[in-house]
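# Observations on the three-dimensional arrangement
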Amino acid sequence: MAPRRRTTLAGAVVLAVAGLAVPGYATTRVETPVATSSPVREVVESVVRLRIPLPGTGHPPECDWVSYLRFRHRNGPAEAARADRILVAQPGVLEGAAAFDGVARNTIVAAAGKGRYVELWALDRRSNCLEDNTGVRAGLAARDAHLAVDYYYRKKPVGGRTFAGYLGNDQVRFLQDVGIERTVRDQYELMRRELPDPAVRKEKVLCGGHSLGGMVTGFFAVWDFDGDHSTTADAGHNQCSGYFALDSRIQAGGIGLERLVPSNVLPEEGTTPDLIRLGLELGIIPRTLSAPAVINAETMNLLAIAGLAARNDPDGESDLSTYIPASFNQDTTYRVLFSKDYATFLRGTPTVRDFRFSNEAALGGLMDDNSVPLGFVQTSVGFFDGGRIADKDFPLPNDLAGLPPLEPLKRLVGTGRKAIPDEPGGPLYTWRNYDRVGAPDDPVHKGRDGKPFTTAADEVTDIGQLARSLAEHPLDFTEDYFPTRLVTDIAFGEHEDAVHAGGIAANPTILLLAGDGVLPPPEPREGVKQVVAPGYQHLDVLTAAAVQNGGRPERISVELAAFATG
């Protein structure tokens, strides 16, 4: 391999913005600043794209590039190798780089308060090269979410480009080979190119991730990258000085995986890796994690559009449920997410279209822990306001949620008591942000048992920050095309290059756990520090506000910064 042309990171940014081609450099690496409306102005962000070609053919040329979001302090060094620490983060299931926006900014600011400059690199999986974010970008620039809907649903062009539609199984064939090996090798190659000195990697890099990203990191730690299992300089654990897991575990296996993905995509007992690979090759097994409703590319993109609307006009009345054309996927998703009880679900009425919501309330309905019955997409962003609220008894009645036999299901649907607006055709439901729950003007909505649905202690994420993270970044918060092969590889837990069994124990580890997340706390282990954040849901470890209710600093980022700078 020819040596990479050396240049400063600041120079790379200038060249990328100017669109200049520098032989041997700009054609393989581009870094571009990212504009943001985040109030955390001390942190600057850029998107970095590296050309790391996939083997073979049959994939779009965009997929020969690997990307990440680079977050750093504005007063810190421009050259990454001069930072005090670099946190390299793998995303979770159906998750992209932008999900780390909040925790990245908060951690960097907390570290700077100790006089140390750290960076966080939020990785974007290879499969995200298939996403078309043109509509969201247009809606962001014009502050009009309708432009995004027009692009994705009405074939209206943006800048001469027309949406080609969401990709089917036959159009993503190459993803059948994008599993754990491709994922950890992409991370290794990215780290090796960005930080060519092995000593710098070993001294300064912390490897980790959120949710499934913790398991990917576990495999990275035990992986052999040069094909010679007798040498260890190339081993994953020697590329890192420590590990961090955000509501996850650092492990090379699928313990608890069934809590993070639908169980029907996991291998059944007796199934072999060869059978799975054959099923993917023949298209019998879907090559991306998807279902006819709720979990698919269209629904993941819908979260970005909802975030866009809430970011552009938080208090304005939402019309997304009516402006987006009706379809089986849309109608079924709305029915699953917004049914009050089983009778409503079976009857199909009233629907979400029968209620009036502000744009923030619509987003809260899709992602708040007191509303959406999917634990792995939940945040604690506040509560509904402006009208009558009732218990939501679908899919798990609140009265049964506390029964011990239902504990696994409870964590799957989320531990927050579910609530739903109860006045179809009535008032405009608005959103009470996390820091206004329990305020003097809070009506304190209560369930039929007389207890409040939520309290200030259980609300930790600013819905405005969540909306920004969903809509503002060039790399998504959500992931439209999650490769099934990655899940099945992790579930089997075996690979010929995952050979350095002591790799996980070789470095110190911190587990930063959501008190109400999808995984129960693990058994204590030597060399592993555990921090549990009470009231946090699975996504809150990424999205929680820097200042918590009562004026407390955000715990996850404070602990992560201390681990990085200690």
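Residues numbered from 1 in each chain as written. Predicted model: local features only at pLDDT ≥ 70, side-chain atom pairs only at ≥ 80, totals over all residues. Heavy atoms only, no water.

## What to know about the side chain of S67
Our working rule: Numbering goes from the N terminus for both helices and strands, where a helix is a DSSP run of H or I of at least four residues and a strand is a run of E of at least two. What qualifies as a polar contact is a pair of N or O atoms within 3.5 Å, subject to a donor-acceptor requirement within protein and to the restriction that residues adjacent in sequence count only when both atoms come from side chains.
Mapped onto the elements of the fold, S67 is located in strand β3 (residues 65-73). Side-chain polar atoms of S67 contact the side chain of R49, separated by 3.0 Å.

## As for the layout of surface pockets
We apply this condition: A 1.4 Å probe that fits but cannot get out identifies a cavity on a 1 Å grid over protein atoms alone, an open set with protein on both sides within 12 Å along at least five of seven lines counts as a pocket, and a residue lines either if it has an atom within 4 Å of a point. Grid points are joined across faces, edges and corners, and a volume is the space filled by probe spheres set on the points. Asp, Glu, Lys and Arg are counted as charged, while Ala, Val, Leu, Ile, Met, Phe, Trp, Tyr, Cys and Pro are counted as nonpolar; the rest, among them Gly, fall into the polar class.
Of the voids in this model, the largest pocket is the one considered here, and its volume is about 720 Å³. Forming the boundary of the largest pocket are 34 residues, of which N128, C129, L130, E131 and D132 lie nearest the centre. Elements that contribute at least two residues to the lining of the largest pocket include exactly β3, α3 (134-142) and α4 (145-153). Looking at the lining of the largest pocket residue by residue, the classes come out as 15 nonpolar, 8 polar and 11 charged.

## Description of helix α5 (residues 180-194)
The line we're drawing: Expected span of a helix: the number of residues minus one, times 1.5 Å. Only protein chains enter the accessibility calculation, which uses a 1.4 Å probe; a residue whose area is less than 20% of its type maximum is buried, one above 50% is exposed, and one in between is partly exposed.
Here α5 contains 15 residues, and its C-alpha end-to-end distance of 21 Å stays within 8% of the 21 Å for a straight helix at 1.5 Å per residue. The element α5 is extensively covered by neighbouring structure, given that 12 of its 15 residues are classed as buried. Here α5 has its buried residues at I180, R182, T183, V184, D186, Q187, Y188, E189, L190, M191, R193 and E194.

## A few points about the sheet that holds strand β4 (residues 85-90)
We apply this condition: At least two bridges found by DSSP between two strands are what make those strands a pair. Note on geometry: axes are C-alpha line fits, over the in-contact stretch for helices, and angles between N-to-C directions span 0 to 180 degrees.
Ordered in space as β1-β2-β3-β5-β4-β6-β7-β13-β14, the 9 strands form an open sheet in which the pairing is mixed. Of all strands in the sheet, those with a lone pairing partner are β1 (29-33) and β14 (528-533), marking the two edges. Neighbouring strand axes in the sheet, compared pairwise and without regard to direction, differ in orientation by 20 degrees on average. Strand direction decides the pairing type here: strand β7 (residues 242-246) and strand β13 (residues 509-514), joined by 4 bridges, are parallel. Looking at the pairing, Y243 lines up with T509 of β13.

## Quick notes on the pattern of salt bridges
Applicable threshold: A pair is scored as a salt bridge if a Lys or Arg side-chain nitrogen falls within 4 Å of a carboxyl oxygen belonging to Asp or Glu.
Across all of its chains, the model carries 34 salt bridges by this definition. A salt bridge links E189 to R192; the shortest N-O distance between them is 2.9 Å. Of this pair, E189 and R192 both sit in helix α5, 3 residues apart, roughly one helical turn. In this structure E189 comes out as buried when scored by relative accessible area, which is 13%. The class of R192 is partly exposed, set by a relative accessible area of 30%. It is possible to trace a salt-bridge network through shared partners that takes in R29, E31, R70, E119 and E194.

## Examining the state of the cysteines
Operational definition: In this description, the term disulfide denotes a pair of cysteine sulfurs within 2.5 Å.
Across all of its chains, the model carries 2 disulfides by this definition. Across the disulfide, C207 is cross-linked to C240 (sulfur-sulfur distance 2.0 Å). Taking the torsion about the sulfur-sulfur bond, which here is approximately -85 degrees, the covalent link between C207 and C240 counts as left-handed. Pair noted here: C207 is in strand β6 (residues 205-210) and C240 is in the loop between α7 (212-222) and β7, with a separation of 33 residues, a long-range link. C207 gets classed as buried once you look at its relative accessible area, which sits at 0%. Numbered by position along the chain, the disulfide-linked cysteines of the protein connect as 1-2, 3-4.

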